Amino acid sequence: MIRIENIKKQFGDQKVLKGVTTVFEEGKTNLIIGKSGAGKTVMLKILVGLIHPTSGKVWYGDTDFTALNTKERKAIRSEMGMLFQGSALFDSMTVEENVRFPLDMFTAMTRAEKERKVNETLDRVELTGSNNKYPSEVSGGMQKRVGIARAIILDPKFLFCDEPNSGLDPTTSMRIDELIRNITMENKITTVINTHDMNSVMEIGDNINLLHLGELAWVGNRHEVIDSDNKLLQDFIFASPFLQRLRDAAIKK
Amino acid sequence: MKSNRRHWKSSTCFFLESSLFSKKSASFVAISRFKCFGIKRNAKGLSNKNTRTLNLFFHFGRYLIFIKNMFARPEKLSMYWKETTRQMIDIGIGSLVIIGLVSVFIGAVTAIQFAYQLGGSSIPKYYIGYIVRDIMIIELAPTFTCLALAGKVGSNIAAELGGMRQKEQIDALEVMGVDTTAYLVLPKIIAAVTVIPMLVVVSAFMGMAGGYVACTVGNLVSDAEFMQGLRVFFDPYNIWMMQIKAVVFAFLLTSISCYQGFFVTGGSIELGRASTSAVVISNILILLADYILALLLT
């Protein structure tokens, strides 16, 4: 479980986060949603320690992550996996080398053990046989799956995904969502996803946090979205007339 | 009278600029006075000159911290070694042709120019070989090699690290728990300070070979005389000087290029700027270091 307490972040005069307090639960897909510029990416980067908050605390279990120095953070970081928006794969390495990188860097496994683990993980993300391709030779969706494979290869307790569906077609996007959800449930890990994809919200949103102008505007799950009377949430989720008609039809039913 | 007033103004400006760094009250007075003198200031009330000075201190301080952070305990030595060998091949083998080519022409031109200067004088002709040898070893091989490498390797390093920063690959390494400064920078610097002195030796030999070819083909001096020149008055200390210069220049060009690339923000324009800055700053500092080392070592 990850708990954040009164997180504030200011860049110069611009207040990006204005005191956000929430909990990301274990074994659930926790979503951070909101319009562009709401502070989602900053919040995710604060969670993984890439940005220091102006004030406030981030708790991983009983450990105050914000109070740790870089060396002390390594212990918690060894339990983290992250999928970046652009996948952040190393261009000079093949798919296999990318996925194997954390094993090479942090484990004392033999070559055969590493090979077995890499192949298992690639199977799991449905990339069997893509070992020797370079990131530039695979599609955007495949790159995301390679990114997921690299993020989960060390069996992390915490998985962070920054806009995993961006730039993907709806079918691929759904496959990625399904994959993340399965990994979360099977491994009972705490997954935090930063998204503005409405399908993801309605399909995998176990714990949804709506950010609006740096403040937490709504917290709930996907079953509570339609019935919620929160105007910001309704305006955000059902932004298009088509989605509004669908919601109205669902309510009538 | 006018010149006195100008002098008073400039000295007061200097005093007030200095006081900006001392006390808040003094800086307030200073800023007010700047207004009187019509000096251009930025939003924080600092003159452009002061902003530049602060920037210089900021970058120097950050560079020192960056270098300090590089010496962290490696997560896994074998991974660092793998990266170091990759860099050695990139810098060493990848630069061999260009360094060889540049050195041959430098040696040849030096020989031709010196032969021209000697024309009609009583200085023995074998001195051409002697001068080409010593000037290549002491000065041209280390300095020209590193200036050329600042353009080739330096810009490449800055672009590579800058690209990694922009594609969030450095962030990805950090989230994994990898010490990014150590993993991405230390292997490059170790590779450079190992391989560049070797390239400098190659450059010195190629320069002498270039001089030899130019002299013999152009009938400036006989084959035997040039070889005699290469052998006389040899001081092994010059080889040490060449190697010390090569190591210092290699460290400067690599660390500065890494620094420029590592802290890139923004898009492709900033990446291009960082790459250019890496080359320009490396070249300036190599020449400055060359001057200081010449004073210290000779």
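Everything numeric in this text was worked out from a predicted model, so none of it was measured.

Basis of the calculations
Residues numbered from 1 in each chain as written. Chains lettered and ligands numbered in written order. Predicted model: local features only at pLDDT ≥ 70, side-chain atom pairs only at ≥ 80, totals over all residues. Helix = DSSP H or I, 4+ residues; strand = E, 2+ residues; numbered from the N terminus. Buried ≥ 20, exposed ≤ 12 C-beta atoms within 10 Å, placed from the backbone. Contact = placed C-beta atoms within 7 Å. Nonpolar A, V, L, I, M, F, W, Y, C, P; charged D, E, K, R; others polar. Pairing = 2+ DSSP bridges. Expected span 1.5 Å × (residues − 1).

A. Here's a closer look at the overall build of chain B. In terms of helices and strands, chain B carries ten helices and zero strands. In chain B, the succession of helices and strands from N to C terminus is α-α-α-α-α-α-α-α-α-α. Taking all 298 residues of chain B together, 38% fall into the buried category. Sequence-distant contacts, at least 24 apart, represent 83% of the contacts inside chain B between residues at least 6 apart.

B. Quick peek at the interface of chain B and chain A. Listed per partner, the contact involves 13 residues of chain B and 15 residues of chain A. The leading source of residues in the side of chain B that touches chain A is helix α6 (residues 169–176) of chain B, at six residues. Split by residue class, the side of chain B that touches chain A holds five nonpolar, two polar and six charged.

C. Quick look at the environment of D171 of chain B. Structurally, D171 of chain B is set in helix α6. For D171 of chain B, the contacting residues outside a window of four places in its chain are L50, F84 and A88 of chain A.

D. Representation of the sheet that holds strand β2 (residues 14–24) of chain A in the model. Residue and element names in this part refer to chain A. Spatially, four strands are ordered β2-β1-β4-β5 in an open sheet, and the strand pairing comes out antiparallel. Two strands bound the open sheet, and with one partner strand each, they are β2 and β5 (63–64). Across five bridges, the pairing between strand β1 (residues 2–11) and strand β4 (residues 55–60) is antiparallel. Bridged to R3 within β4 is W59.

E. Expanded view of helix α5 (residues 127–166) of chain B. Given a rise of 1.5 Å per residue, 40 residues ought to cover 58 Å, and the 54 Å separating the end C-alpha atoms of α5 of chain B matches this to within 8%. One or two positions beyond α5 of chain B, positive phi appears at E168 of chain B, with a value near 65°.

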